Amino acid sequence: MSYPSQIKIITCGSVDDGKSTLVGRILSETNNIFLDQRDKLKVLSKRYGTTEDLLDYALLMDGLQDEREQGITIDVAYKYINYKNKRLVFCDSPGHNQYTKNVVTAASNCSIGVILVDAAKGILEQTTRHLAILDFTGVENVIFAVNKIDSIKYNQGKFYDLEQNIKKIFKNYSFIYKFIIPISALHNENIVKKSKKMSWYKGRNLLDQIIAIGSKDQKSSVPFITVQHVHRPNNKKRHYMGMARGHPIKNNSTIFVMPSKLVTKIKNIYFDNKKKNSTNNNYPISIETANELDITKGDILALNKDTIETGNCFNASVIITSQDNLYSGRQYLIRIHNKETYVTITKIKQRIDFGNNNSQKLTELLINDIGEIEFDTNDTIAFSSFDKIKELGAFIIIDTGNHNVVAAGKINFALRRSGNVFKSTLTVSKKNRSDLIRQVPKCIWLTGISGSGKTTIGNALEQKLHHIKKLTYFIDADNVRLGINKDLGFSQSDRVENIRRIAEISKLMVDAGIIVIVAAISPFASERNFARSLFSNNEFYEIFINTPMVLCKNRDIKGLYKKSNKDKNMSKIGLGLGYEIPKNPDLVVSTEQMSVEEIAEKIMRKFFSLL
Amino acid sequence: LRNNSLLKELESEAISIIRDGFSRSLNPVLMYSIGKDSSVLLHLAIKAFYPSPVPFPLLHIDTTWKFKEMYAFKQKVKKKLKVNIITYTNFSGLQKKIDPINNSSLHTDIMKTEALKQAIDLHKFDFIFGGARRDEEQSRSKERIVSLREKAHSWDPRNQRPELWSLFNFHKNQDQTFRVFPISNWTESDVWGYILKENIKIVDLYFAKKRPVVNRDGAFFLVDDSRFTLKKNEKISLKSVRFRTLGCYPLTAGIESKAANLKEIIKENKKIIFSERAGRLIDLDKINSMEIKKKHGYF
C-alpha cells in the first residue's frame, strides 16, 4: 500500500546488474552515509571489494557476513533517505533465482520498481521474471535503469536497440508509469544529476523521476474498517480494534458486519488517546457498537454492504514462495486481511512460463512459479478482488505442518459454484446408526515408515475389536492403491491425493458408525492434519509407529529397501525417507520395545477403554 | 519534509503491528530498555489499546551497569503509567563478576543476550515486542518486522520467511518465538520528531548538560559511580555532553553538545557526521558483531 509522504522503491534485476551499487551510490550522493560507516566501508572494500580502488558501495547494502563473503545479496536491505521533502525507502533485493521469495517480500509494499539491466548484457530471464513479480504484487510504476552505460561507451544507438526490446516486454503489462533511463551507478551518471556524457537523453535523472512519480495523488478507497482484534478488558464492554480506510465514518453511523451481514451502529470511536467523532483514513481506531453482536477478528465493518463481497470458493493468482510447493488437494491455512481459515486447493488451472517450456500435469506449482488456482475456504470470508481493494484481496497461504508461507496470492473473483452444491440434511444421524450396533465410531490412524509394522499392528487391533463384537474396517493404503487409488502414482502430488482420499473414505465409514483402522505411511504432516480436521474431537487418533529405520531395513517385508539399493531412482518416500515425524501424535509406540500384541492392547486400553 | 504526515503513517503502521501481534499471541511482552526507542514503543502500545490499559508486561534486562538516571526514570514510569515492569538479572552471571570495563563483549553476551534468553524461557514469553530499527545497523536493515527465532532463540538470516503486504504470519512451532519490531521502518530522526510531537518523556541524559566525564579519543564516558576506574593519565572533567543512545554506562559514549532541548537536538542531529550507534562500544568489537549477537539471540 503506497503512502503520500513515503515513496517505497524496490531495486531488482539479474545478478551483477548493479542493484546494491546503485542504492549505495544514491546513499552517498544524498549525504546519507555517516563518517564511521564510510570508514567501515573502506575496511570492507579492501577486504571484500570488487571495484579495485573505488569504494564498493554494494558492501553497504550486503550487511550479512555470508553476503559479503560470497559477494551476493541474499535478503532485502531497507535504506531510508530524506530527499527533496520526501522519505524515500529503498528496498534493495537479491538477483539470484534462489532468493526470489525475498524479491516478492520487498515488492509487496512498494509503489515504484526500478529494474536494472546491464547495458551490455540486455534483458535476461531474471529481468522478465522480476517484471512479472512487480506486476503480480501490485507495484504501480516501473523504471528500467539501463546500467553500466559506460561499458557501451554512452552509445545512443545501442541504448535505442535495448529500449525497443524493453518496450516489447512492457507491452504485456499495464503499469501506470513506465520509464527507461540510461545510467552508470559506478560513475554516477544520471543518478542524482543529468549526465553530461549523454546529451541525447532528454528525460529526468533517476532520483528526480522517482520523486516525480511518487508525488502523484493516491486514490482513496471506499470506507470500511478491518477488525483486527476484539478487546474485552475486565469483561467489560467490547472494543473492536481495527484499521479505518477511506472517507471518515462518523459516530452513530449504521454499519454492516461482513460476512454475516448483521447491522449495528457505531457508538464510540477512540484513537490518539481521545474519544473522537469520526474515524480517520488509514488510521487504527477502536470502536464500541450500540448492541453487542457477534463480531470477530477478520470481519469487515462496511458503511455500504454492496462494497464488500462474501464467498467461500475462489479463483486466484498465486506466486510460490517456498520449496514445499503448492499441491492440488492439500489443505492449508490462509490469511486474508485479518481473517484466517483453512483452505483446500481444488484446482491448479494455469502456470506462467518464463521460457523453460516443460508442460506438465497441473497438480502442483513449484517454488517461484506464478499460476492461477481455485480454492475452497472452510469459513465464509469477506473480501474484495485485489484489483478493486488491494488490502481485501491479498492473501498468504501457510503450510499447516511447518508454518512456512507457501504462496502469496490475490483474489481474482469468487466462484458461484458453492451456491449450487447444497449439503443435503439427512434425518438418520451418525449417532442413530452407531447406537444400532452399540458402539462409538472412531478412526485409528497408524503412521510410520515402510516396514515399521503398521499392517501387522492394524491386523492385530482389528482382530481384538472383532472378537468383542465391534463392527470394524481396516483400510490398508497398499490395498487401496489396487482399487480406488489405481490412477495415482508416487509423485508428491499423487501422494497428497492418495491420503486425501483415504481420509475422506474413513470419514464416510465413521459416519456410517464403523470403527476404522488406517495403515498408511502418510509421510506429510499437512495430510495427517487434514485427516484429523475431518473428524470431531475424540474421534480421530494418530498413532506414530516409531520403529528405527535400521530395524525396518532388516525386516524389509516388501523388499523395497533392497530394491532401492539397486535402483537409485526409486521413490524415496515409498521407503519413508523424507517422512515428517509427527509433532503431537496421540500415541507413540515402537515394535522394538513392545510386541505387536502388547501394542494392540495398549491402543485398546487407551482409546476404547476396554480390553 | 512533510513531517507530520510521515509520522502519522509510521505511527499507524506500528500500532497496527502491535495489535495484530497481541491478538495472535499467548504470552506477549514488551522489551523495555528505558531508552528513547523503548519509550516510543511504550507510548505506541498505550495508544494502541486506549481506553484500556496496556495488556502485557514490560521486560527490563538489568545488567546492573545502567546509568543511575535510567533506574530512577524506570521507577517514575512504573508509577506514572501504571505498567507492570518485570526486571530480570542474570544472577549466576553476576556471580562470575564479569565487568563491562575489562570484558565488554563477554559481559554483553552473559548479562544481556543470555539474560534475555533466560527471562524469555522462564516466563515462557512467545511474542517479544522490541524497539529495534532497520536504520540502526547493517544486519538489522535485513531483518523482518516479525522475526522468527528458533529453539535456542537463534536467528537464521539466510532463511527468513517471506513477509508480504501487511499480512504477517504469526504461526510457529511450540519451541519457536517471535521478535516483533513495530518501529522497524522508523529512522533516528523520526524517533526524535515523534518524541517532540507527542511530548514523550525520556531520560534526562539525552539532553546536553555539564557532566563529569572522561575523554577517550573524543568519546566522552560518564563517571557514573565508584566502579568507574581511571586509566593512567586520565582526568575527570566537567563537560556539556549528551547521549544519542543509552546502554551500560562504561560502554556508552556521549558527545560534546549544547543541545539542551528536543528542538536543539533535532537541529544538531542533522549536522552530525557520525552514526547513532558510533558511541556503542559493543558494536565495534568486530565488523559484524551485531549480526553475530543476533544469531545468538540478542534482539
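Below or above, wherever it landed, is the structure these notes cover. (Residues numbered from 1 in each chain as written. Chains lettered and ligands numbered in written order. Predicted model: local features only at pLDDT ≥ 70, side-chain atom pairs only at ≥ 80, totals over all residues. Heavy atoms only, no water.)

## Some remarks on the side chain of B:His171
By the element assignment, B:His171 lies in the loop between β5 (146-149) and β6 (177-180). Among the polar contacts listed, one links the side chain of B:His171 to the side chain of A:Glu340, at a separation of 2.8 Å. When neighbours within four sequence positions are excluded, B:His171 is seen to be in contact with A:Leu333, A:Glu340, A:Ile398, A:His403, B:Arg161 and B:Phe178. (Helix = DSSP H or I, 4+ residues; strand = E, 2+ residues; numbered from the N terminus. Polar contact = N/O pair within 3.5 Å; in protein donor to acceptor, adjacent residues only side chain to side chain. Contact = heavy atoms within 4.5 Å.)

## A few points about the sheet that holds strand β25 (residues 540-545) of chain A
Residues and elements named next belong to chain A. What the 5 strands build is an open sheet, ordered β23-β24-β22-β25-β26; its pairing is parallel. For this open sheet the edge positions go to β23 (472-476) and β26 (587-589), each flanked by a neighbour on one side alone. With direction set aside, neighbouring strand axes in the sheet form an average angle of 20°. Bridging between β23 and strand β24 (residues 515-519) involves 5 bridges; their strand directions are parallel. Bridge pairing in β24 links Ile 475 to Val 518. (Pairing = 2+ DSSP bridges. Axes fitted to C-alpha atoms, helices over the stretch in contact; angles between N-to-C directions.)

## Considering the packing of aromatic side chains
Applying the stated criterion across every chain yields a total of 29 aromatic pairs over all chains. Relative to A:Phe170, the ring of A:Phe144 lies with its centre 5.1 Å away and its plane at 85°, an arrangement referred to as edge-to-face. Taken together, the residues span a long stretch of sequence, with A:Phe144 in strand β5 (residues 141-147) and A:Phe170 in helix α7 (residues 156-170) at a distance of 26 residues. The class for A:Phe144 is buried, based on a relative accessible area of 0%. A relative accessible area of 4% means that A:Phe170 is categorised as buried. Chaining the aromatic ring pairs together yields one cluster made of B:Trp65, B:Phe67, B:Phe228, B:Phe243 and B:Tyr249. Over the ring of A:Phe136 we find A:Lys410, and its NZ or CZ is 4.7 Å from the ring centre. The ring of B:Trp65 has B:Arg227 sitting right over it, with the charged end atom 3.8 Å from the ring centre. (Phe/Tyr/Trp six-rings, centres within 6.5 Å; stacked < 30°, edge-to-face > 60°. Buried < 20%, exposed > 50% of the residue type's maximum accessible area, 1.4 Å probe, protein only. Lys NZ or Arg CZ within 6 Å of the ring centre and 35° of its normal.)

## Things to note about the nonpolar core
Within the largest apolar cluster, 84 residues are counted, with the highest numbers of intra-cluster contacts made by A:Leu88, A:Val114, A:Phe144 and A:Ile210. Residue contacts for A:Phe144: discarding those within four places in its chain leaves A:Ile115, A:Val117, A:Thr127, A:Leu131, A:Ile166, A:Ile169, A:Phe170, A:Phe179, A:Ile180 and A:Ile181. Among the nonpolar cores identified, the runner-up in size contains 82 residues, and B:Ile17, B:Val54, B:Leu58 and B:Val191 belong to it. (Core = buried A, V, L, I, M, F, W, Y, C linked by side-chain atoms within 4.5 Å.)

## Looking at the interface of chain A and chain B
Contacts between the two partners involve 84 residues from chain A, matched on the other side by 66 residues from chain B. Across the chain A/chain B interface, buried area totals approximately 6600 Å², and carbon plus sulfur atoms make up 51% of it. In this structure, the connection of chain A to chain B is made through 8 salt bridges. The interface formed by chain A and chain B holds 41 residue pairs in polar contact (both at pLDDT 80 or more) in total. The dominant element in the side of chain A that touches chain B, judged by the number of residues it contributes, is helix α2 (residues 35-48) of chain A, at 6 residues. Residue composition of the side of chain A that touches chain B, grouped by class: 34 nonpolar, 30 polar and 20 charged. (Buried area = accessible area lost by both parts, 1.4 Å probe. Salt bridge = Lys/Arg side-chain N within 4 Å of Asp/Glu carboxyl O. Nonpolar A, V, L, I, M, F, W, Y, C, P; charged D, E, K, R; others polar.)

## Observations concerning the packing of helix α5 (residues 100-107) of chain A against helix α6 (residues 125-137) of chain A
All names here are of chain A. Close contact between α5 and α6 brings their axes to 9 Å; oriented N to C, the two are set at 40°. With respect to their mutual orientation, α5 and α6 come out oblique. Between α5 and α6 lies a crossing of right-handed hand. Across the interface between the two elements, Thr 100, Val 103, Val 104 and Ala 107 of α5 pack against Gln 126, Arg 129, His 130, Ile 133, Leu 134 and Thr 137 of α6. Its residues assigned to classes, the contact of α5 with α6 comprises 5 nonpolar, 4 polar and 1 charged. (Parallel < 35°, antiparallel > 145°, perpendicular 65-115°, else oblique. Left-handed = near helix turned anticlockwise from the far one by under 90°.)

## Overview of helix α14 (residues 492-511) of chain A
All names here are of chain A. Relative to the 28 Å expected for 20 residues at 1.5 Å per residue, α14 spans 29 Å between its end C-alpha atoms, a close match to the ideal helical length. Listing the buried residues of α14 in full gives Ser 493, Asp 494, Arg 495, Val 496, Glu 497, Asn 498, Ile 499, Arg 501, Ile 502, Ala 503, Ser 506 and Val 510. Remark: Gly 513 follows α14 within two positions and exhibits a positive phi of approximately 105°. (Expected span 1.5 Å × (residues − 1).)

## Focus on the sheet that holds strand β4 (residues 127-129) of chain B
Residues and elements named next belong to chain B. The 6 strands lie next to each other as β3-β2-β1-β4-β6-β5, forming an open sheet whose pairing is mixed. Every other strand in the sheet has two partners, leaving β3 (85-88) and β5 as the edge strands with one partner each. In this sheet, adjacent strand axes meet at a mean angle of 30° when their direction is disregarded. As paired strands, β5 and β6 are joined by 4 bridges and run antiparallel to one another. Looking across to β6, one finds that Ser 147 is bridged to Arg 179. Together, β1 (28-31), β4 and β6 form the strand contacts of helix α1 (residues 3-23), whose direction differs from that of β4 by roughly 160°. Those strands touched by helix α3 (residues 68-81) are β2 (58-61) and β3, and its axis lies near 150° from that of β3.

## Considering the environment of A:Thr296
All names here are of chain A. Position of Thr 296 relative to the elements: it lies in the loop between β12 (283-289) and β13 (300-302). Thr 296 sits 66 residues away from Val 230 along the chain, and the two C-alpha atoms are 6.5 Å apart. In this structure Thr 296 touches Val 227 and Val 230, once residues within four positions along its chain are discounted.

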